[in-house]
Amino acid sequence: MFSSKANFKKEFQARLLERYGVDVATSCPNEQYTILGEMVRDYANKDLFNTHDESTQKGKKTLIYFSMEFLIGRLLNNNMQNLGIYNIIKDGLDDLGIDINALEDEECDAGLGNGGLGRLAACFLDSIASLGYIGHGNCIRYEYGFFRQRIEDGKQKELPDQWLTNGNVWEVRRAKYAVEVQFYGHPESYQKKNGTYGIRTANAIHVRAVPYDMPVIGYKNHVTNVLRLWNAEPSSHTLPTSMSFNEYCAALEELCHGLYPDDSTEAGRILRLRQQYFLVSAGLQNALNSYYRHHGTLKGIHKEYVFQLNDTHPILSIPEMMRIMLDQYDMEWDEAWEEVTKSIAYTNHTVMPEALERWPVNYVQNLIPRCYMIIEEINRRFNIEMNSAGIPDGEKYAMNIIKDGQIHMTNLAIYTAFSVNGVANLHTEILKAVTFKEFYKYMPEKFNNKTNGVTHRRWLVTANPKLSDLISNKIGDSWKKDMSKIKAFEKYKNDKKVLKELQEIKLENKKKLAKYVKEHNGIDVDVNSIFDVQIKRLHAYKRQLMNVFHIMYLYQRMKEDPNFTIYPRTFFFGAKAAPSYVYAKKIIELILAVANVVNNDPDVSKYIKVVFIENYGVSLAELIIPAADVSEQISTAGKEASGTSNMKLMMNGAITLGTLDGANVEIAELAGMENEVIFGLKNEDVENYVRNGGYSPWDMYNGDERIKKIMDSLFDGEWASYRRDKFRLIFDEIMNHNDQYFILKDLPMYIEAQEKVQELYQDKTLWSKMALMNIANSGFFSSDRTIEGYVKDIWKIERITR
């Protein structure tokens, strides 16, 4: 259907008529988008058949990537580009009087993710397919996304993200692969027909898990994998007498209702646990059933499947895989354990204690009792091993899986998995030296680093086509498939014509963003100002608060000293705060309050504008990132595992203003410290203060007049509307909870770093050279490079050759 423009137009018009009973003239944009999306999906499915055949008939090893979120964004443009059919479609639509951009705007961002974890997973799937490997994502088909953010009365409001209102054109329901997932009940032994005994779960509540497959299309290589989304549907099994039909329907509906239920209540926490088990049980049953159909046994499954657990959420894969092998396929413990420990790998994404999941024993014991029995047995055997090895009690306690009435999921994962990886060099070293030091002492061979990456095809080629064309005009197109080749662009760092072109491209991108801001925020921004961007999930350790403190400082200084001015600056924020995260929501309220004051001050607004982008997501990131001059990466050293916005912004020529945290360390090393603006405490400084004390926010408050004025203004500043308690929560969190993220300690250094940015930017040639050096050295941060590392060291999967 895409062999020529004429064939495309004929098929497009025929499908419009057959499905909707309309022609081009009488059809609406959504109908046109739906038809086009279905055509692209159906075309990709031919490659999907061949890819599936390669894995089943030729025995190629398959990766199953479990993640609670995949922040995939819009897919139409990406899929057309990857299939190599974009130009045929664009030209054909032009002939029919249809604007392809208008159809792309009909697509909404898929509500399958929230932050960097989900965006990373999406980038990985793109790279796996584009590199020619067989690897499929597994997630839940959430009815609603995280939430749709609306700003009302200067505060964040959460609305339902109804991303499935018009359906999902990319998905295909695959009912034949449905499986049954069991909750509650109780384990019981029974005698089998052959006289042996087994264990089964009696009086369980059954849920039918039905997969919906979305194509993941490789870049011009005829490889298509899938993102499999599991949907909860009623089972035909009889309900236990303890549950009514209405209760069952309500429980079923909430299982796939939305991403990350509110965990401030017990009901919300149990729902999260149910979601996690539903995902891994469905995905594992599907994979194990498939292997058994082809081989008549599950022995040796580790040779054809590898299961990657993306963070702590899918760790229930471990007891569930054991349960399936023991109870459904009658395997012995040792042979099942061998398969599990050779096929499951774990990626850690955080050193934050609150994010290292721990589940109360009674939750797991009640919800999935057979899995709890298996976890108990794993823990018992682990303790026997530790006792035999003479491990001291203190270290034994640290590594125990079940302790203090809780199941420590990361301990279960590290003990079981054959690979445990961090996601940036600094992060991995912290895991080995601090977070999991006992495990590293006795199991060092498991630990490895895989610095994160992002797909350059979406974040540079598609998001910034003018920059992509400039690079290709200078060094050819091969970098699009092998991002390491972008290094050749570095030889133009002193080419004034190229540097001028970079400035022009950046200005054009800034104009696009300014147009959006005018239309949606009603704010006029100076496109010649410095576009300073901080776009990431709102969390205390990411320190959006320090950014707004700096803006407050600038405002106060300008009002006090009419002779003090700065090079015009526009500060962009994009962030969602979790609905139950009161402190984060209060920080958003402060940003909005400061923005309202600054933007409406006739003296200050000539030099400073503050823009909060409502409902920040993937599509908005594609607009913001190409326009950014400064990339704010200012988390407390040692707290950000990696970061991915830093990589996307680097690829598009933004200069990193940041701490030596996460992947900022590698960015500075690769592009050169002279091409970034680095400041603040280092990880060892933070660790020293945490261990030995010596830091007090009150000392900073009393010793630095700038800090005192900023903190006092939370009570009496214009942004507080002279309501003394409006921002008391922020003051108390910093001053009376010992400023655990060292905002006030780093703030003076941050102010100096911002002054350096002001100075550097005024030399446009120098700034453009710094931008070029970032672009030319961003190849390391392609997710293609990351995936090749996983393949070589962990997954051992083979490339499809066509």
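Residues numbered from 1 in each chain as written. Predicted model: local features only at pLDDT ≥ 70, side-chain atom pairs only at ≥ 80, totals over all residues. Heavy atoms only, no water.

Engineer: Explain the overall build of the protein chain here, please?
Structural biologist: On a plain count of helices and strands, the protein chain comes out with 31 helices and 23 strands. The C-alpha radius of gyration computed for the protein chain amounts to 27 Å, which stays within 12% of the reference 28 Å derived for 802 residues, consistent with globular compactness. Going through the 802 residues of the protein chain one by one, you find that 62% of them count as buried. If you take every contact in the protein chain between residues at least 6 apart in sequence, the share linking residues at least 24 apart comes to 75%. Just so you have it, the protein chain exposes about 30,900 Å², and 47% of that area is on carbon and sulfur atoms. (Helix = DSSP H or I, 4+ residues; strand = E, 2+ residues; numbered from the N terminus. Rg over C-alpha atoms; globule rule 2.2 N^0.38 Å. Buried < 20%, exposed > 50% of the residue type's maximum accessible area, 1.4 Å probe, protein only. Contact = heavy atoms within 4.5 Å. Areas by Shrake-Rupley, 256 points an atom, 1.4 Å probe, with all protein chains shown as cover.)

Engineer: What am I meant to see in helix 12 (residues 369-388) here?
Structural biologist: Think of an α-helix as turning once every 3.6 residues; residues three or four places apart then point the same way. Relative to the 28 Å expected for 20 residues at 1.5 Å per residue, helix 12 spans 29 Å between its end C-alpha atoms, a close match to the ideal helical length. Three or more residues of helix 12 are buried, namely P369, R370, C371, Y372, I374, I375, E377, I378, N379, F382, N383 and M386. Looking one or two residues beyond helix 12, the residue adopting positive phi is G390, at roughly 70 degrees. (Expected span 1.5 Å × (residues − 1).)

Engineer: Please explain the sheet that holds strand 21 (residues 630-633) as it appears in this structure.
Structural biologist: Strands pair in a sheet through their backbones, by hydrogen bonds, and they do so in one of two ways: parallel or antiparallel. Spatial ordering of the open sheet is given by 20-19-18-21-22-23, a layout of 6 strands whose pairing is parallel. At either end of the open sheet lies a strand with only one pairing partner, and these are strand 20 (608-612) and strand 23 (677-678). Strand direction decides the pairing type here: strand 19 (residues 569-574) and strand 20, joined by 5 bridges, are parallel. From the neighbouring strand, F571 faces strand 20, where its bridge partner is V610. (Pairing = 2+ DSSP bridges.)

Engineer: Please clarify how the environment of N289 should be interpreted in this entry.
Structural biologist: Structurally, N289 can be placed in helix 8 (residues 266-295). Sequence separation of N289 and Y177 is 112 residues, and the distance between their C-alpha atoms is 9.4 Å. Setting aside chain neighbours within four positions, we find N289 in contact with V179 and Y329.

Engineer: Could you clarify how one ought to interpret the environment of T26 in this entry?
Structural biologist: Following the sequence through the fold, T26 ends up in the loop between helix 1 (5-20) and helix 2 (29-57). Residues T26 and H206, spaced 180 residues apart in sequence, show a C-alpha to C-alpha distance of 47 Å.

Engineer: Sorry, what's going on with the sheet that holds strand 13 (residues 358-360) here?
Structural biologist: The strand order across the open sheet formed by 3 strands is 13-15-14, and the pairing between neighbours is antiparallel. Across the chains shown, the open sheet's two edge strands, defined by having one partner strand only, are strand 13 and strand 14 (402-403).

Engineer: I would appreciate a short explanation of the nonpolar core in the present structure.
Structural biologist: Most often, soluble globular proteins keep nonpolar side chains buried together rather than apart. Counting 148 residues, the largest nonpolar core has F12, F278 and W795 as the members making the most contacts within it. Here the element with the most residues in this core is helix 8; it accounts for 10 residues. Of all hydrophobic cores here, the second largest spans 75 residues; its members include I530, F571, I655 and V677. (Core = buried A, V, L, I, M, F, W, Y, C linked by side-chain atoms within 4.5 Å.)

Engineer: How do you make sense of unusual backbone geometry when you look at a structure like this?
Structural biologist: Peptide bonds are trans in most cases, and residues, glycine excluded, mostly fall at negative phi. One non-glycine residue, H222, lies in the positive phi region at around 60 degrees. Along the chain, H222 turns up in the loop between strand 9 (205-217) and strand 10 (224-234). The exposure class of H222 is partly exposed, given its relative accessible area of 47%.

Engineer: For this particular structure, what's the right way to read the packing of helix 1 against helix 4 (residues 86-95)?
Structural biologist: Packed helix pairs are characterised by how far apart their axes lie and by the angle those axes make with each other. One way to put it is that helix 1 packs onto helix 4 with a least axis distance of 9 Å and a crossing angle of 60 degrees. In the packing of helix 1 onto helix 4, the handedness of the crossing is right-handed. Contact residues: K5, F8, K9 and F12 in helix 1; I88, I89, D91, G92, L93 and D95 in helix 4. Residues of the contact of helix 1 with helix 4, tallied by class, amount to 5 nonpolar, 1 polar and 4 charged. (Axes fitted to C-alpha atoms, helices over the stretch in contact; angles between N-to-C directions. Left-handed = near helix turned anticlockwise from the far one by under 90°. Nonpolar A, V, L, I, M, F, W, Y, C, P; charged D, E, K, R; others polar.)

Engineer: Even after reading the chapter, I still don't get the packing of helix 27 (residues 705-716) against helix 29 (residues 743-761), so can you show me in this structure?
Structural biologist: Where helix 27 meets helix 29, the axes come as close as 10 Å, and the angle between the chain directions of the two elements is 115 degrees. The orientation of helix 27 relative to helix 29 falls into the category roughly perpendicular. For the pair helix 27 and helix 29, the sense of crossing is right-handed. Residues R706, I707, I710 and M711 of helix 27 form the contact with helix 29, whose own contacting residues are L744, L747, P748 and I751. For the contact of helix 27 with helix 29, the residue count by class is 7 nonpolar, no polar and 1 charged. (Parallel < 35°, antiparallel > 145°, perpendicular 65-115°, else oblique.)

Engineer: Sorry, what's going on with the pairing of strand 11 (residues 305-310) here?
Structural biologist: In summary, the side chains of a regular strand alternate between the two faces of the sheet. Within strand 11, 6 of the 6 residues are buried, leaving the element largely enclosed by the surrounding structure. Burial of strand 11 is two-sided: the residues Y305, F307 and L309 facing one way and the residues V306, Q308 and N310 facing the other way are all buried. In terms of strand pairing, strand 1 (residues 62-66) meets strand 11 through 5 bridges, oriented parallel. The residue bridging L63 from the neighbouring strand is V306, located in strand 11. The sheet contact formed by strand 11 and strand 12 (residues 344-347) spans 4 bridges and is parallel. Across the sheet, the residue bridging to L309 is Y346, located in strand 12.

Engineer: I'm lost on helix 2 in this one. Help?
Structural biologist: Spanning 29 residues, helix 2 covers 42 Å between terminal C-alpha atoms, matching the ideal 42 Å at 1.5 Å per step. Where helix 2 bends most, at K46, the angle is about 25 degrees. Backbone geometry just downstream of helix 2 places G59 in the positive-phi region, at approximately 70 degrees. (Bend = angle between axes of the 7 residues up to and from the residue.)

Engineer: What am I meant to see in the pattern of salt bridges here?
Structural biologist: A pair can form between side chains of opposite charge whenever their charged atoms are brought close. Counted by the stated rule, this structure contains 53 salt bridges. Measuring nitrogen to oxygen at the nearest pair gives 3.4 Å for the salt bridge that ties K396 to D393. Of this pair, K396 and D393 both sit in helix 13 (residues 393-399), 3 residues apart, which is roughly one turn of that helix. One salt-bridge network, held together by shared partners, links E11, R15, R41 and D42. (Salt bridge = Lys/Arg side-chain N within 4 Å of Asp/Glu carboxyl O.)

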